[in-house]
Amino acid sequence: MHLGLIGLGKMGGNMRTRLRNAGLTVVGFDRDPQLADVGSLEELVAALPSPKVVWVMVPAGDPTRDTVKALGELLGEGDVIVDGGNSRWTDDLAAAAYLSEKKIGYVDCGVSGGVWGLENGYALMYGGSAEDIAKVQPAFDALKPEGDFGAVHAGAVGAGHFSKMVHNGIEYALMQAYAVGWELLEKVDLVDNVTEVFRSWREGTVIRSWLLDLLVAALDDDPGLSEIRGYADDSGEGRWTVEAGIDHAVPTPAITAALYARFVSRQDDSPAMRAIAAMRNQFGGHAVQTAPPAGGDAG
């Protein structure tokens, strides 16, 4: 299979490598010429055989919308665009409607795996028609983790990103629970080694998870998380999950509380939010803010 891949940053660059390791031919484009295989979208499209499949892996919002619109002018009938970023599902509906007028297919794909995806594979949730999915299937098979799970055709266009949105909302709540548990254990004088308590939970408990493993790794690197400021950003999906809950009268108290805790973190330096920041850095390479040096600003 030949595939065009636009956006070769933390996720896209590793995805290109994993795809190539699986024997697929990938033509990559990025604004950074040192990362790109071609110098323009026009060159990328020209390098692909028909039906052309182009995977977009750029930031959600205007960068993705502008890229999809530009590709709509370059691709033709029977070609397919895959949005693998963290777009809101409503953007997918608009993109699919725009492309359908040109008889260009559209697939939305929620991608989870962060900086570990190259080695472990990426969990994939994709939406679109069966015909369009079939054209992308070799790429899905190459990117997914080994085994029977880790990839799903979630439904029609929008279903992939909606599923990924809810996944990330759940992620917010799980991280918040681990974080406040860590803060409480640190606060009391009764527990001697909080990191080892968390490490013990990695086997045989009902709360063991990869996030727990990553928190332990962060605590091993920085006991007490003293090098990280208690500030955690939100990238949109948590807000959208809460909004979707409101729209459909589905209460989301744990996710909402976790989202609000991130808002609080921008006002005060919270120990629990240091744990959130550490976990986000561990699984996704998200930037952390350090404590300010004497006379300086936080970085």
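From a predicted model like this one, the values you see are computed outputs, not experimental measurements.

Draft legend 1. Here's a closer look at the overall build of the protein chain. Looking only at helices and strands, one finds 12 helices and 7 strands in the protein chain. Taken against the 2.2 N^0.38 rule, which gives 19 Å for 299 residues, the C-alpha radius of gyration of the protein chain at 21 Å falls within 12% of a compact globule. Once the C-alpha set of the protein chain is aligned to its principal axes, its extents read approximately 65 × 45 × 40 Å. A burial count over the protein chain gives 47% of its 299 residues as buried. By sequence separation, contacts in the protein chain at least 24 residues apart represent 68% of the contacts at least 6 residues apart. Accessible area of the protein chain: about 14300 Å², with a carbon and sulfur share of 55%. One finds the centroid of the 24 positive side-chain charges in the protein chain at a distance of 2 Å from the centroid of its 41 negative side-chain charges.

Draft legend 2. Spotlight on the nonpolar core. Within the largest apolar cluster, 26 residues are counted, with the highest numbers of intra-cluster contacts made by Y178, W182, F198, L215, L225 and I276. For this core, the secondary-structure elements that each account for two or more residues are helix 7 (159-187), helix 8 (194-200), helix 9 (210-221) and helix 12 (271-284). The element contributing the most residues to this core is helix 12, with 8 residues. Once residues within four sequence positions are removed from consideration, Y178 is found in contact with F198, I207, R208, S209, L211, L212, L215 and M279. Counting 24 residues, the second-largest nonpolar core is a separate cluster that includes L3, I133, F140 and L143.

Draft legend 3. Structural context of the packing of aromatic side chains. Taken as a whole, this structure holds 6 aromatic pairs when the rule is applied. Ring centres of W55 and F140 lie 5.8 Å apart, and the angle between their planes is 70°; this geometry places the pair in the edge-to-face category. Highlighted residues: W55 in strand 3 (residues 53-56) and F140 in helix 6 (residues 130-143), separated in sequence by 85 residues. By the burial criterion, W55 is buried, and F140 matches it. Grouped by ring-pair contacts, the aromatic residues W55, Y126 and F140 constitute a single cluster. The lysine or arginine in question, R262, covers the ring of Y172, its NZ or CZ lying 3.7 Å from the ring centre.

Draft legend 4. Representation of the pattern of salt bridges within the structure. Summed over the entire model, instances satisfying the criterion amount to 12 salt bridges. A salt bridge links E196 to R199; its shortest N-O distance comes to 3.0 Å. On the criterion of helical spacing, the pair formed by E196 and R199 is a turn pair, its members being 3 residues apart in helix 8. On the basis of relative accessibility, which here comes to 27%, the residue R199 falls in the partly exposed class.

Draft legend 5. Region of the structure containing the side chain of D30. Its place among the elements puts D30 in the loop between strand 2 (25-29) and helix 2 (41-46). As a buried residue without a salt bridge, D30 has its nearest oppositely charged side chain in R31, at a separation of 5.8 Å. A polar side-chain atom of D30 sits 2.8 Å from the main-chain amide nitrogen of L8. Ignoring anything within four residues of it in the chain, the contact list for D30 reads G7, L8, G9, L35 and A36.

Draft legend 6. Geometry of the sheet that holds strand 1 (residues 2-6). Read from one edge of the open sheet, 7 strands run 2-1-3-4-5-6-7, paired in mixed fashion. Where the open sheet ends on each side, the last strands, each with one partner, are strand 2 and strand 7 (151-155). Averaged over all pairs of adjacent strands, the angle between strand axes in this sheet comes to 25°, irrespective of strand direction. Strand direction decides the pairing type here: strand 5 (residues 105-112) and strand 6 (residues 123-127), joined by 5 bridges, are antiparallel. What sits directly across from V111, in strand 6, is L124. Of the strands in this sheet, strand 1, strand 3 and strand 4 (80-83) are in contact with helix 3 (residues 62-74), which crosses strand 4 at around 175°. In the packing of helix 7 onto the sheet, the strands contacted are strand 4, strand 5, strand 6 and strand 7, and the crossing angle to strand 5 comes to about 15°.

So, how was this worked out
- Residues numbered from 1 in each chain as written.
- Predicted model: local features only at pLDDT ≥ 70, side-chain atom pairs only at ≥ 80, totals over all residues.
- Heavy atoms only, no water.
- Helix = DSSP H or I, 4+ residues; strand = E, 2+ residues; numbered from the N terminus.
- Rg over C-alpha atoms; globule rule 2.2 N^0.38 Å.
- Buried < 20%, exposed > 50% of the residue type's maximum accessible area, 1.4 Å probe, protein only.
- Contact = heavy atoms within 4.5 Å.
- Areas by Shrake-Rupley, 256 points an atom, 1.4 Å probe, with all protein chains shown as cover.
- Lys, Arg positive; Asp, Glu negative; His and termini not counted.
- Charge placed at Lys NZ, Arg CZ, Asp CG, Glu CD.
- Core = buried A, V, L, I, M, F, W, Y, C linked by side-chain atoms within 4.5 Å.
- Phe/Tyr/Trp six-rings, centres within 6.5 Å; stacked < 30°, edge-to-face > 60°.
- Lys NZ or Arg CZ within 6 Å of the ring centre and 35° of its normal.
- Salt bridge = Lys/Arg side-chain N within 4 Å of Asp/Glu carboxyl O.
- Polar contact = N/O pair within 3.5 Å; in protein donor to acceptor, adjacent residues only side chain to side chain.
- Pairing = 2+ DSSP bridges.
- Axes fitted to C-alpha atoms, helices over the stretch in contact; angles between N-to-C directions.

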